[in-house]
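# Observations on the model geometry
Chain by chain, the residues:
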Amino acid sequence: MTENGAAPGLSAAEVAERVRDGRVNDVPTRSSRSVGEIVRANVFTFFNGLMGTLFLVVLVVGPLQDALFGFIVIANAAIGIVQELRAKHTLDSLAVVGESRPAVRRDGRTARVAQHEIVLGDLIELGPGDKAPVDGTVTEADSLEMDESLLTGEADPVVKRPGDAILSGSFVTSGGGAFTATRVGREAYAARLADEASRFTLVHSELRTGIGRILRYCVGIMIPAALGLILSQLLVERADVREAIRRMVAGIVVMVPEGLVLITSVAFAVGVVRLGRRQCLVQELPAIEGLARVDTVCLDKTGTLTEGGMDLAELHALDGTSEECARRVLGALGAADRRPNASLRAIADACPPPPDGLRAADTLPFSSARKYSGAVLTGGDGGGTWLLGAPDVLLPEGHPQLVETERLNARGLRVLLLAATDRALDAPADARRHPPEPAALVVLEQRVRPEAAATLRYFADQDVAAKIVSGDNAVSVGAVAARLGVPGADHPVDARTLPDPDEEDDSGDGEAAVERATVLGRVTPEQKRALVRALRARGHTVAMTGDGVNDALALKDADIGVAMGSGSEATRAVAQIVLMDDDFTTLPSVVAEGRRVIGNIERVAGLFLTKTVYSVVMAVAVICTAVPYPFLPRHLTLLSALTIGIPAFFLALAPNTERARPRFVRRVLRIAVPFGLIAGVATYTVYLLARGHYEGRTDGALRAETSAATLTLFLITLWVVVIIARPLTWWRVLLVAAMGAAFLLVMAVPWLQRFFELRLAGWFLPWTAVGVAVVACVLLEVTVLVRRARARGRGE
């Protein structure tokens, strides 16, 4: 035992012995997938397997030019791996910075160590907001209460006494203590429930789900199309089986939207890197998308709108108590709490411990549910039982001191009451029957973040409703919100007047009141959680920010939880996004990044699906008319690169501020299906005209027919790029022009003509192809106008 009676913990020799024996907390702490998982996810996919098989088939039956699509698949996989490795590096480096370091007592001294350095038998100290990194047994307890809801689902804190078990993943809501590690590494409870260390989890993502549906549609179409094409091409090209197989492969390859998954992964990965540079740790990648869909953000005042620190502004001694006595008591209370919150830290800075030995014999730590703390002081002037907390909780309604409190709160100041009581320290506060004796009003000044007002204006401009939610006095919260220009700040709501969240409210009045309110004070942790659930029940997508342990449950239940890097370990553990430098202004960047990802993926999905639709149209037409398929794989590889792959890559990474909307798949199909039908019908019409025009006139009739069809399809799909790329900024115009120039180069340079087997013959059919393409482009524009008119009619 140490001099003060506390257990000394393990010795250095005991720690070394356990490390040699492997009795360490060896659960890997990482924020992303491993390198092997990244490689497997980008290489071993269904579409890569399909394209790889077709690639090998073409290598056997045809020239290398027709196998170009295989090299593009390899390049796509390489790009995806490189981008995700960049994202992994960013995530891992930020996770190391933000990783919690538990306080471990060894040889009688307390030091903070990395989680993987904890060994079996270590004595781990706990304070408010700390999360238990391993399983153990309580050795010391000072009013210790643990929240195990993240593991068991039970919301009520559990009082822990020496000898009680502690589960890894639970966190301290109030009090403090220490426990001895009994199970570490993969044997710990949380590690057995799930791989708790892995932060790269794919939570619900409408974008990923929608793309998955699109890919299933494509597979359903490809199977019958492949059977029909192989039979028809073998019938048509019975004298040349190799040619029949090459053209069948061309018809199948073009149906595969293989780049869509790649572009999505790259867009997410680039988003992680961009946000990482702003010290924003994205613990779950689809959270970027989720925050872009948010229409309501609940902001905790303390630590979010205001800085974590506070200053003691005024001390109003009340009747019967001198200011000197009040300062002595406050100094003793500050010295008694080994883990003071921001309020008590400000008090302790202004009121040093009294020199005459006044100290705490017993303490009651602050709790968000109680709204007060306390201590029994002995050994000097000022001895007795003292409480420090919210005046409107400790005093009965109508008490004279509450008038002064409201006046101070209206100035945006935080007011605490120092009061003496003759009741037991752990007796529940009863302001009506046994009110304490007021001794002093402690006035704290909160430091409003200078950037908070601009951030709130951004949310207002983006039609995102901001709600200020705090455990502080409602009037005080409203005053701070008013300084920041929050609408409705002049009508703050005291959450104690709202219906009990645990009671049935069939009328929905409680949910409606929560939706109307913009500033809520005196909100308990359970009410924060209920508030988030009520907003979600009314169809809102909710983000919740916070830094204190009292915010953890609400962050867990929100669609997107945003924690401050300096906040409690519990909030960081359940949040999808962590602002490592506590910079509230990063939130607009996260929203903008999410909108860029979603809006751009929707754009490029239209390109990929247009290709799938026109390929199906031509495959069906070929099967029905029993003619050779118009294209070889090399032709469609060229078209896909110039009108889909390259433009999609640049468009997916471009700025985009459009607000995210639901029903992703429906909107994409509404534009891709008509565009693909127009392109397919127009291209096949030119192909049939060319067959009739060139038949018997030239030795290279099939090549001339293919060239005319290729020209038609290129012009139409290039105009699809123009439509999808709007508004046309200078670089988008340059992108379209570059793709057009590249195609002209292929058609003009002799060796490229030979490589791609493309050469226009005569003047009539090429200009006919241009004319048909122009008509098709006009129909594309008409389709866009009709779609916009219908969207306005639906209120989209």
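Turning our attention to the packing of aromatic side chains. Taken as a whole and assessed by the stated rule, the structure comprises six aromatic pairs. For the pair Tyr629 and Phe631, a centre-to-centre distance of 6.2 Å together with 70 degrees between the ring planes defines the contact as edge-to-face. When sorted by exposure, Tyr629 lands in the same class as Phe631, which is buried. Centre to centre, the rings of Phe755 and Phe756 are 5.0 Å apart; their planes meet at 75 degrees, and the pair counts as edge-to-face. With a relative accessible area of 27%, Phe755 lands in the partly exposed category. The exposure class of Phe756 is buried, given its relative accessible area of 10%.

Moving on, we get to helix H14 (residues 400-409). Those residues of H14 lying buried are Leu402, Thr405, Leu408 and Asn409. Buried residues along H14 cover an arc of 115 degrees about the axis, so they all sit on one side. In H14, the exposed positions that point more than 90 degrees away from the buried face belong to Pro400 and Val403.

It is worth spelling out the nonpolar core at this point. Counting 132 residues, the largest nonpolar core has Leu291, Leu484, Ile577, Ile601, Tyr629 and Phe664 as its most contacted members. Among the elements that line this core, the one with the most residues is helix H21 (residues 586-625), at 16 residues. Those residues in contact with Tyr629 that sit more than four places away from it in its chain are Leu229, Gln233, Arg247, Ala250, Gly251, Val254, Ser615, Met618, Ala619, Val622, Leu636 and Tyr687. Within the second largest apolar cluster, 25 residues are counted, among which are Ala346, Ala439, Ala440 and Leu444.

The next subject is unusual backbone geometry. The step from Arg726 to Pro727 runs through a cis peptide bond, and the omega angle for that step is 0 degrees. Tracing the backbone through its elements, the reader meets Pro727 in the loop between helix H24 (701-725) and helix H25 (730-748). Positioned with a positive phi, Ala626 is a non-glycine residue whose angle comes to about 50 degrees. For Ala626, the position within the fold is in the loop between H21 and helix H22 (633-652). Of note, Glu757 is a non-glycine position whose phi angle comes to about 55 degrees, a positive value. Summarising the element assignment, Glu757 is placed in the loop between helix H26 (750-756) and helix H27 (764-793).

Another point: the packing of H21 against helix H23 (residues 664-694). Their axes nearest at 7 Å, the elements H21 and H23 cross at an angle of 40 degrees. Relative to H23, H21 is oriented oblique. When the axes of H21 and H23 are compared, the crossing they make is right-handed.

Glancing now at the sheet that holds strand E9 (residues 296-300). Taken in spatial order, the eight strands of this open sheet run E8-E21-E20-E19-E9-E16-E18-E17, and their pairing is mixed. A strand with exactly one partner marks an edge of an open sheet, and here the two such strands are strand E8 (280-282) and strand E17 (493-494). Of the strand pairs in this sheet, E9 and strand E16 (residues 465-469) are connected by five bridges, and their pairing is parallel. Residue Asp300 lies in a different strand from E16, and its bridge partner there is Val469. On the sheet, helix H16 (residues 474-483) packs against E16, E17 and strand E18 (519-521) and is oriented at approximately 145 degrees with respect to E18.

So, about a nonpolar patch on the surface. Together, Val35, Val39, Val43, Phe44 and Leu85 give the surface a local cluster of nonpolar side chains, amounting to about 410 Å² of exposed area. Examining the composition of the nonpolar patch, we find that three residues originate from one element, helix H2 (residues 35-43), more than from any other. By the element assignment, Leu85 lies in helix H4 (residues 68-98).

Judged by how many residues are buried, strand E7 (residues 171-183) sits mostly within the fold: ten of 13 residues are covered. As defined by bridge partners, strand E4 (residues 135-147) adjoins E7 across ten bridges and the pair is classed as antiparallel. Bridge assignment links Glu140 to a residue of E7, and that residue is Ala178.

Each value, and the rule that gives it
- Residues numbered from 1 in each chain as written.
- Predicted model: local features only at pLDDT ≥ 70, side-chain atom pairs only at ≥ 80, totals over all residues.
- Heavy atoms only, no water.
- Phe/Tyr/Trp six-rings, centres within 6.5 Å; stacked < 30°, edge-to-face > 60°.
- Buried < 20%, exposed > 50% of the residue type's maximum accessible area, 1.4 Å probe, protein only.
- Helix = DSSP H or I, 4+ residues; strand = E, 2+ residues; numbered from the N terminus.
- Arc of directions from axis to C-beta.
- Core = buried A, V, L, I, M, F, W, Y, C linked by side-chain atoms within 4.5 Å.
- Contact = heavy atoms within 4.5 Å.
- Axes fitted to C-alpha atoms, helices over the stretch in contact; angles between N-to-C directions.
- Parallel < 35°, antiparallel > 145°, perpendicular 65-115°, else oblique.
- Left-handed = near helix turned anticlockwise from the far one by under 90°.
- Pairing = 2+ DSSP bridges.
- Patch = residues over 30% accessible without salt bridge, like charges linked within 9 Å, V, L, I, M, F, W, Y side chains within 5 Å.
- Areas by Shrake-Rupley, 256 points an atom, 1.4 Å probe, with all protein chains shown as cover.
- Salt bridge = Lys/Arg side-chain N within 4 Å of Asp/Glu carboxyl O.

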